[in-house]
Amino acid sequence: MVVLEARDRVGGRGHTIMAAPDIAFDLGCGWLHSAEKNSFVTIAEQLNFEIDKTRPPWREQSHDAGFPPKERSDFIEAIDEFYDRAEEAAKSGRDSTASAWLDPGNRWNPMIDAISTYVNGCELDRVSILDMDAYEDTGINWRVRRGYGALMAAYGAPCPLALNCEVRLIDHSGKRVRIETSQGTLTANQVIVTVPTNLIVDQAIRFHPTLPAKVAAARGLPLGLADKVMLALDQPEALPKDGNLRGATMRTAMGAFHLRPFGQACIEGYFGGRFAQQLEDAGDGAMAAQAIDEIAALLGSDFRRKLKPLAASRWAHDPFARGSYSHALPGHAGARAVLAAPVDGRLFFAGEATSPNFFSTAHGARDSGERAAGEVMGSLGKK
Ligand SMILES: Cc1cc2nc3c(=O)[nH]c(=O)nc-3n(C[C@H](O)[C@H](O)[C@H](O)COP(=O)(O)OP(=O)(O)OC[C@H]3O[C@@H](n4cnc5c(N)ncnc54)[C@H](O)[C@@H]3O)c2cc1C
């Protein structure tokens, strides 16, 4: 068995960097979502990675800045009612576009859409309600103190790995599967494909014979976009540890800011959907500048000199990700099962987009790998 990995590291969309000597920054996944059902929790315990169980501050607004408690409770009522309507509609088994379940004219609709850009990586007009309903959110979210990406790298380290090995063609026309890579050709009896859906759609990995059903399924499950920016914070005591700010209230194009995560002297910004794409396209520094503008507008202009950009992600421009996490387009909730199905007892498919209930997450990706490995063993007659 060998893992062929195009990058020079393990972890893919899980990637922890040290943004400063004392600031661990997860450029990709950061939260152990649905923590009681998250297989990475036990792995973290086994590998001695400390888990932080502080509740996420997502529904708070530190210092009530620009978003007083009465407005917040109105907003929370509006978003909860939206999700209830969509959930009720999903019971019919008929798919529809999530944005159709917004209350027409409700003043909170742009902000509900902003939350969708963080959760789904896209606005609600691109989200299937059946898919949204299939996601299993237990409401418990924990974090890995040293970084989720660092945990993944430690977990993956014992695997036999070929790094800097980009797979270009999987030829399954012959008796053995031929795999053409940037480092040469190899053959195998079975292959598990785990690349993000956007790479399958773009045919960054080609199959011979072609697999039109897989390409169509992947097209129905595009990766949305979410990006993070890390800002160093001078005089951190002025802000609460693990606080939260929404950059604005009445629009969709805005950031969400985690103040002093783990008490570190920094602020982590999160942007999603079309706005994240615009900021990525605007080039280096645009996301940090936007984050600083929004924070200064809420907390005062002296924050401009207290904040210093450290690092930012650019997942849409990452050639081996081409986005952040998958969502099903309206009418395509069934595509996850199609993408996950083995072909011919020789090609198997894993990755977050194939997870029926934990898609878009790191543990969903991990569990799907275990499912695919079980299918391979099953095909070999070993259980
Ligand atoms: C900003 C952001 C925030 C997130 N937040 C969270 C969170 O809080 N919690 C959570 O659970 N999830 C979160 N996620 C999602 C989570 O990171 C992903 O769902 C998960 O890591 C995907 O794993 P995967 O194995 O399916 O895909 P990937 O991690 O993308 O792995 C696929 C691998 O295939 C490699 N590859 C691509 N092309 C080739 C090729 N041609 N040849 C060889 N190798 C190739 C890639 O380099 C990569 O290593 C976040 C993601 C982002 C981007």
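Everything that follows concerns the structure shown earlier in this document.
Residues numbered from 1 in each chain as written. Predicted model: local features only at pLDDT ≥ 70, side-chain atom pairs only at ≥ 80, totals over all residues. Heavy atoms only, no water.

(A) Here's a closer look at the overall build of the protein. Within the protein, the secondary structure is distributed over 12 helices and 20 strands. Here the C-alpha atoms of the protein give a radius of gyration of 21 Å, agreeing with the 21 Å that 2.2 N^0.38 yields for 383 residues. Its C-alpha atoms give the protein principal-axis dimensions of about 65 × 50 × 40 Å. Every one of the 383 residues in the protein was classed for burial, and the buried ones make up 52%. Relative to all contacts within the protein whose residues are 6 or more apart in sequence, the contacts with residues 24 or more apart total 72%. (Helix = DSSP H or I, 4+ residues; strand = E, 2+ residues; numbered from the N terminus. Rg over C-alpha atoms; globule rule 2.2 N^0.38 Å. Buried < 20%, exposed > 50% of the residue type's maximum accessible area, 1.4 Å probe, protein only. Contact = heavy atoms within 4.5 Å.)

(B) Representation of the site of the ligand in the model. As a structural note, the neighbourhood of the ligand is formed by 34 residues, with E5, R13, V167, E352 and A362 the closest of them. Between the ligand and the protein, one listed contact pairs an oxygen atom with a backbone N or O atom of E352 at 2.8 Å. Within the backbone of T361, one N or O atom sits 3.3 Å away from an oxygen atom of the ligand. Across the complex, the protein chains shield 94% of the 1000 Å² of accessible surface that the ligand would expose by itself. Elements represented by at least two residues in the shell around the ligand include exactly β14 (226–233) and α12 (362–379). A per-class count over the shell around the ligand returns 18 nonpolar, 10 polar and 6 charged. (Near = heavy atom within 4 Å. Polar contact = N/O pair within 3.5 Å; in protein donor to acceptor, adjacent residues only side chain to side chain. Areas by Shrake-Rupley, 256 points an atom, 1.4 Å probe, with all protein chains shown as cover. Nonpolar A, V, L, I, M, F, W, Y, C, P; charged D, E, K, R; others polar.)

(C) Region of the structure containing the sheet that holds strand β12 (residues 206–208). Pairing is mixed in the open sheet, where 4 strands are placed in the order β10-β9-β8-β12. For this open sheet the edge positions go to β10 (184–188) and β12, each flanked by a neighbour on one side alone. Mean inter-strand twist for the sheet, computed between neighbouring axes without regard to direction, equals 20°. When strand β9 (residues 177–181) meets β10, the two strands line up antiparallel, connected through 5 bridges. When the sheet's bridge partners are listed, I179 is paired in β10 with L186. (Pairing = 2+ DSSP bridges. Axes fitted to C-alpha atoms, helices over the stretch in contact; angles between N-to-C directions.)

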